[in-house]
Every structure is written in C-alpha cells, then in structure tokens.
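# A closer look at the structure
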Amino acid sequence: MPIADQFQGRSVLITGASAGIGRALGLALGRAGAHVGLVARRAHRLQALVDELGPSAQATSLVGDVSDEVFVREAVATFVAEAGGLDLVITNAGISMNGLLEETETAVFQRMMDVNYFGSLFFARQAMAHLEKSRGSLVFVSSIVGKRGFATRSGYAASKFAV
C-alpha cells in the first residue's frame, strides 16, 4: 500500500521536527496527506518546513521545549483541537553529547535525560487517551547507542536506553 494511502487524513504529531529524522518524517507524512503537528524549539526551522510543505498541506507548528511538561500538555491539546484527533505520535526529539564521563558536567547528563527520556514520556502520557480513542500508535525513536554505548556518549547512551 502506498504511503499516501496509509496517512491520508491522519493526524500525526512529530517531535524534533526541525531537523534530521523528524524533519524528513514531517515532509514525507505531510506530503502523504497527513495533518502534521511539528514540534521543535526553533521556530524559524519549523516555519521553513511548513513553507516547504506548501499551502495545500495541513501543518501545525508547535514551538517549545519537549522537556517542559506544561508546554507538552498545551501542544497536544492544541494539535488535537486543530486536527480533530490524534492517530500517531512520533517522539523523535533528542540531544547528544561529546565528552568523557569524568570530564562532563552533571547538568549535561540531566539535560539529556530531560529531553530524550522525559520529553518522550511527557508526550506519551498526554497523548495516550487520544491514541486509545483513535486506536492510534505511539512510536519512540531511540538509538543503537542505547544498546551499545561508547566512551564519549555515555549520557546519550543512557538516555536512549531509557527510551
């Protein structure tokens, strides 16, 4: 079945939509006819994505930090109200690090857990009732590094293993 047939008329919320995997998903699913909720911190990058999708696409830009539980609650409520429901949530937002364990500030590890793990958790919790109603799906984007870390990415590995 072609992707357009699978996502036409569906409502899809994607975190980390301003770059990388999230941006590619936003483009593909938006072009396939889904109403996409695009979540990221960088408003100008989200706007560029909305512009690239074009005026015929249904896209909602939701600017904020996934580690802010109040923002997440408001973002999910806003998107559900605008899209008329929620069929799929893809928690893709993430940050990384580059540093040895003993040389990296604790705040770096805390921030990675806040974004990579708690950001996914917050979206899952806020979306669950809507996904149950639509019989929708929840997708967590992790990393192979969560299974097999390496020295300069220990905090990233731990946060992705948690996902």
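Before reading on, note that the structure itself is shown above.
Think of each chain on its own: its residues are numbered from 1, step by step along the sequence as written. Restriction of local features to residues with pLDDT of at least 70 applies here, the model being predicted, together with a cutoff of 80 or more for giving and counting side-chain atom pairs; totals for whole chains, interfaces and linings are based on all residues. The side-chain quantities take in all heavy atoms of the structure and omit both hydrogens and water.

Moving on to the pattern of salt bridges. By definition, a salt bridge exists where a carboxyl oxygen of Asp or Glu is found within 4 Å of a side-chain nitrogen of Lys or Arg. Inspection of every chain in the model, using the stated rule, returns 3 salt bridges. One salt bridge connects Glu 52 with Arg 31, and the closest N-O pair in it is separated by 3.4 Å. Residue Glu 52 is found in helix α3 (residues 43-53), and its partner Arg 31 is found in helix α2 (residues 20-31); the two are separated by 21 residues along the sequence. Residue class for Arg 31 comes out exposed when judged on its relative accessible area of 55%. Salt bridges linked by common partners bring Arg 23, Arg 31 and Glu 52 together as one network. For helices the rule is a DSSP run of H or I covering at least 4 residues; for strands it is a run of E covering at least 2, with both sets numbered from the N terminus onward. Three labels apply to residues, based on accessible area from a 1.4 Å probe with only protein chains included: buried if under 20% of the type maximum, exposed if over 50%, partly exposed otherwise in between.

Within the secondary structure, His 35 sits in strand β2 (residues 35-40). In what follows, residue pairs with any heavy atoms lying within 4.5 Å of each other are defined as contacts. His 35 has contacts with Arg 10, Ser 11, Val 12, Gln 58, Ala 59, Thr 60, Phe 79, Glu 82 and Ala 83, leaving out every residue within four places of it along the chain.

So, on to unusual backbone geometry. For Arg 135, which is not glycine, the phi torsion reads 60 degrees and is therefore positive. On the secondary structure map, Arg 135 appears in the loop between α5 (106-134) and β5 (137-140).

On to the nonpolar core, then. Counting residues in each nonpolar core, the largest one holds 19 residues, and the members touching the most others are Phe 7, Val 12, Ile 14, Leu 29, Val 36, Leu 38 and Ile 90. Put simply, the parts of the chain that give this core at least two residues each are β1 (11-15), α2, β2, α3 and β4 (88-91). No other element matches the 4 residues that α3 contributes to this core. Other than its neighbours up to four places away in sequence, Val 12 contacts Phe 7, Leu 29, Ala 34, His 35, Val 36, Gly 37, Phe 79, Leu 88 and Ile 90. Val 39, Val 76, Phe 79 and Phe 122 belong to the second-largest nonpolar core, a separate cluster that totals 18 residues. We call a set of buried Ala, Val, Leu, Ile, Met, Phe, Trp, Tyr and Cys residues a nonpolar core when their side-chain atoms join them within 4.5 Å.

It is worth spelling out the layout of surface pockets at this point. As defined here, a cavity is a set of points on a 1 Å grid over the protein atoms alone where a 1.4 Å probe fits but cannot get out. A pocket is an open set with protein on both sides within 12 Å along at least five of seven lines, and residues line them when an atom is within 4 Å of a point. Grid points are joined across faces, edges and corners, and a volume is the space filled by probe spheres set on the points. The calculated volume of the largest pocket comes to roughly 370 Å³. In terms of lining, the largest pocket is formed by 22 residues, of which the most central are Gly 16, Asn 92, Ala 93, Gly 94 and Ile 95. At the level of elements, α2, β2, α5 and α6 (154-162) are the ones that each hand at least two residues to the lining of the largest pocket. Residues of the lining of the largest pocket, tallied by class, amount to 10 nonpolar, 7 polar and 5 charged. In this classification, the charged set is Asp, Glu, Lys and Arg, the nonpolar set is Ala, Val, Leu, Ile, Met, Phe, Trp, Tyr, Cys and Pro, and all remaining amino acids, among them Gly, are polar.

In this section: helix α4 (residues 69-83). In a regular helix each residue adds 1.5 Å, so 15 residues correspond to 21 Å; α4 covers 21 Å between its end C-alpha atoms and thus fits that length. Listed as buried for α4 are Phe 71, Val 72, Ala 75, Val 76, Phe 79 and Val 80. Projection of α4 onto a plane perpendicular to its axis shows the buried side chains occupying an angular sector of 155 degrees, all on one side. In this structure, the buried residues of α4 make contact with β1, β2, β3 (59-63) and α5. For α4, the N-terminal capping position is held by Asp 68, with its side-chain oxygen 3.1 Å away from the main-chain nitrogen of Val 70. A positive backbone phi angle near 80 degrees is found at Gly 84, which sits one or two residues after α4. For a helix, the expected span equals 1.5 Å multiplied by the number of residues minus one. An arc is given here, and it is the one of the directions from the helix axis to the C-beta atoms. Residues adjacent in sequence count toward polar contacts only when both atoms are side-chain atoms; beyond that, a polar contact is any pair of N or O atoms within 3.5 Å, and within protein one must be able to donate a hydrogen and the other to accept it.

By themselves, these figures tell us nothing about what the structure is for.
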